[in-house]
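For reference, the chains in residue letters:
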Amino acid sequence: MFETLLAVGRLLARGHGAGPAIAAGLAIRLPVFAAALVVAGRMRDGRGWARLTLALGLGILGTASMVVQPVEALLHGRTLASALTTSSPVDLLFGASRTVHVACVLGAVALMFLPAANAWFRGRRGRG
């Protein structure tokens with residue numbers, strides 16, 4: 001959500017034509033956020049399908065969507081040093097947020113499949 005706020009702020013700062021871009025971005029992000037919250041609630045209830053859905057949907061596809069742009073930049077010869085020297089403060093904040101976000105997602109996916117988590121899901125089978 002923080003990255004969405006940054007993206008909206010960046011578009012508003014640009015001014016002209018921001019409305020359609022903001023609407024398009026929110027039309028994609030808000031349903032994803034809502035679905036993630038619903039599925040996370042089902043995971044909390046012990047639903048194994050929800051754990052797999054979050055791991056595959058947000059863990060793999062979500063992470064891929066967050067790293068495509070930086071990887072493309074690297075493939076086109078942009079270096080981290082050049083990115084750091086040519087980026088605005090908002091760009092740097094966005095990059096830091098994205099880095100933390102990816103680390104948290106990867107950590108969460110790993111934690112969802114630790115032995116303690118597996119035992120918890122086994123213990124929840126058959127309930128509600």
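Our subject is the structure that appears above.
In this report, the structure presented in the accompanying data block is examined. What you see is a predicted model; the values in this text were computed from it and never measured. (Residues numbered from 1 in each chain as written. Predicted model: local features only at pLDDT ≥ 70, side-chain atom pairs only at ≥ 80, totals over all residues. Heavy atoms only, no water.)

**Thoughts on helix H1 (residues 2–14)**
Right, on to step 1. Taking 1.5 Å of rise per residue, 13 residues should cover 18 Å, and H1 covers 19 Å from first to last C-alpha, within 8% of that figure.
Right, on to step 2. For H1, the complete set of buried residues consists of Glu3, Thr4, Leu6 and Ala7. Projection of H1 onto a plane perpendicular to its axis shows the buried side chains occupying an angular sector of 160°, all on one side. Relative to its buried face, H1 has exposed residues pointing more than 90 degrees away, namely Leu5, Leu12 and Ala13.
Right, on to step 3. Tucked into the core, H1 has its buried residues touching helix H2 (18–44), helix H3 (48–75) and helix H5 (89–112). (Helix = DSSP H or I, 4+ residues; strand = E, 2+ residues; numbered from the N terminus. Expected span 1.5 Å × (residues − 1). Buried < 20%, exposed > 50% of the residue type's maximum accessible area, 1.4 Å probe, protein only. Arc of directions from axis to C-beta. Contact = heavy atoms within 4.5 Å.)

**Regarding the packing of H2 against H3**
Right, on to step 1. One way to put it is that H2 packs onto H3 with a least axis distance of 8 Å and a crossing angle of 145°. In this structure, H2 meets H3 at a crossing whose hand is left-handed. Between H2 and H3, the contacting residues are Val32, Ala36, Val39, Ala40, Arg42 and Met43 on the first element and Trp49, Ala50, Arg51, Thr53, Leu54 and Leu58 on the second.
Right, on to step 2. Here the contact of H2 with H3 is composed, by residue class, of nine nonpolar, one polar and two charged. (Axes fitted to C-alpha atoms, helices over the stretch in contact; angles between N-to-C directions. Left-handed = near helix turned anticlockwise from the far one by under 90°. Nonpolar A, V, L, I, M, F, W, Y, C, P; charged D, E, K, R; others polar.)

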